[in-house]
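Architecture and fold: a report
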Amino acid sequence: MVSSKAHPDNGENLPNFIARFEKALHEAFYKEADINQLSLQRGLPPAVWKRIMDEVPLAVAIPEAYGGRGAIVKECLALLASASYESLPLSLTFGINIALFLEPVAKYAAADVKAPIFDAFLKHQRMGGLMITEPDYGSDALNMRTAYTPHESGYHIKGTKHWQGLTGQADFWLVTARKQLANGELARDIDFFISDNNQPAQHINVEKLFNNLGLYMIPYGLNNIDIEVPANQRLQPESTGLKMMLDILHRSRMQFPGMGMGFIKRMLDEAVSHCSQRMVGSGNLLALDSVQFQLSRIQSAYTICSAMCARSSAISGIQYNLSSEGMEANTMKALVTDLMQEAAQLCLQVSGANGYKISHIAGRGIVDSRPFQIFEGSNEMLYTQIADILLKKMKKAKVDNLFQYLSAGELTKQAAPHFKKSLDFSPGEVLTQRKLVDLGKIISRTTAAGYVLSLADKGFRSDLVEGCLENLSMDIAHLVSNFYLDSRAQVINDYTSASDWKAFV
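A few points on the structure. Everything numeric in this text was worked out from a predicted model, so none of it was measured.

1. Notes on helix α3 (residues 46–53)
- Of the positions making up α3, those classed as buried are V48, W49, R51, I52 and M53.
- On the buried face of α3, the contacting elements are α1 (14–31), α2 (35–38) and α5 (88–108).

Here it is in structure tokens:
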């Protein structure tokens, strides 16, 4: 596909750029096609893609020196939010391109490699993705088996990757691999290589495509890698490849609020609209107290996500190294994706039977948002890491009371007093993983409250903040009560023995 725009208008302000992009989405999804019907099929028709990409949306992630809008986080998140209001898969497509390809290339690629790649994105509607996950090694990236061997002109890379978004569709890939040592073992460190799928020697073979449950717009599959890439297409880390990978993944996780922002807003708008129009007896659904509570939950998610976007915009640009920022990155990714799934579930619940259709925004919202809780680190793993980080810091500071520690933390000192009654306890040093997950959830919600209060200080409307803090207080109290329960339930392997109910009737 070739864009009708030779270059984005770099002088165009952000509101106008976003308004033009949203107009293109509306025309593509509601005039040239029907997004509700498109959601029943895999992929998007070429004409729909072209209408969207003609606005050169990915210019937001390209530095000004190469003709883009500057790789400004605020602009990237605004684009993702506008896309996810209409289509979460479309927003994820842009998120993959921005956080997992364009930003890493902008930060770590050689100058002579960047120019032609960015030019291809700006003028020829190219796309890129990232290959880390392997069939036998999901989140355990450090043990990946994809290997590379250097030679005079570059590198030979061989391995297998799967579940890469845009499989068979992306033109460029960042491929991760470990160096093959002389003794046949693989080096511990990880390297990144740019592969141009349009070059025969760099073409990655797609063995098969998966029938993914949701996110129909995005192809996923199994890839066999046996490629040769030039020497200058290896990314150059600031220190180690492992820290470069953490920097890339943490930055990506800090952009999840952008994808969550528009999606949660859409769930809220749809739910409020339906409840306003749906009559039950002498009034509408909004007259029911339980419905008010459900909608307040979605509105709370909207507030938290807004605060996360503001925080991410301030700290996650490519000028920063985020390799050591696991606490905030994991907090944003895990919490906002939990909120996305809850918002979709609540929107479907109040929508009644109509919501239980893949062609309904709430129905497909459930299946489209669910994998967000799994990919780029399952939320249980991320909450565990949050708790581990916190406990190490508490031990180092020689503080065992959670409230005392959080009251002194930069991100939580403003929020902790709001939840003092719940947080005033000592978690201990040795916890089961299920307790670590609960503790991670407590920390993430306290941190999020800090983001919200910081945004309130800048003028964000107070009634939304108050409602949000009420919901967070309830969540934290519930999690703390779970924390105190001495749950030791385990899986019983031979559970079918003496457990057939029919024998007792």
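2. Regarding the pairing of strand β5 (residues 191–196)
- Of all six residues making up β5, six are buried, and the element is well covered by its neighbours.
- The alternating pattern of β5 places D191, F193 and S195 on one face and F192, I194 and D196 on the opposite face, and all of these are buried.
- Examined bridge by bridge, strand β4 (residues 172–179) and β5 share six bridges and lie antiparallel to one another. The residue bridging V175 from the neighbouring strand is F193, located in β5.

3. Section: unusual backbone geometry
- Backbone geometry places A71, a non-glycine residue, at a positive phi of 55 degrees.
- Phi is positive for E376, close to 55 degrees, though the residue is something other than glycine.
- You can call E376 buried: its relative accessible area is 18%.

4. Topic: the state of the cysteines
- Scanning all chains against the criterion turns up zero disulfides.
- For C309, which is in no disulfide, the shortest distance to another cysteine sulfur is to C305 and amounts to 4.6 Å.
- Owing to a relative accessible area of 12%, C309 belongs among the buried residues under this scheme.
- Free cysteine: C468, not disulfide-bonded; nearest cysteine sulfur from C305 at 11 Å.
- Owing to a relative accessible area of 0%, C468 belongs among the buried residues under this scheme.

The rules behind the values
Residues numbered from 1 in each chain as written. Predicted model: local features only at pLDDT ≥ 70, side-chain atom pairs only at ≥ 80, totals over all residues. Heavy atoms only, no water. Buried < 20%, exposed > 50% of the residue type's maximum accessible area, 1.4 Å probe, protein only. Helix = DSSP H or I, 4+ residues; strand = E, 2+ residues; numbered from the N terminus. Contact = heavy atoms within 4.5 Å. Pairing = 2+ DSSP bridges. Disulfide = S-S within 2.5 Å.

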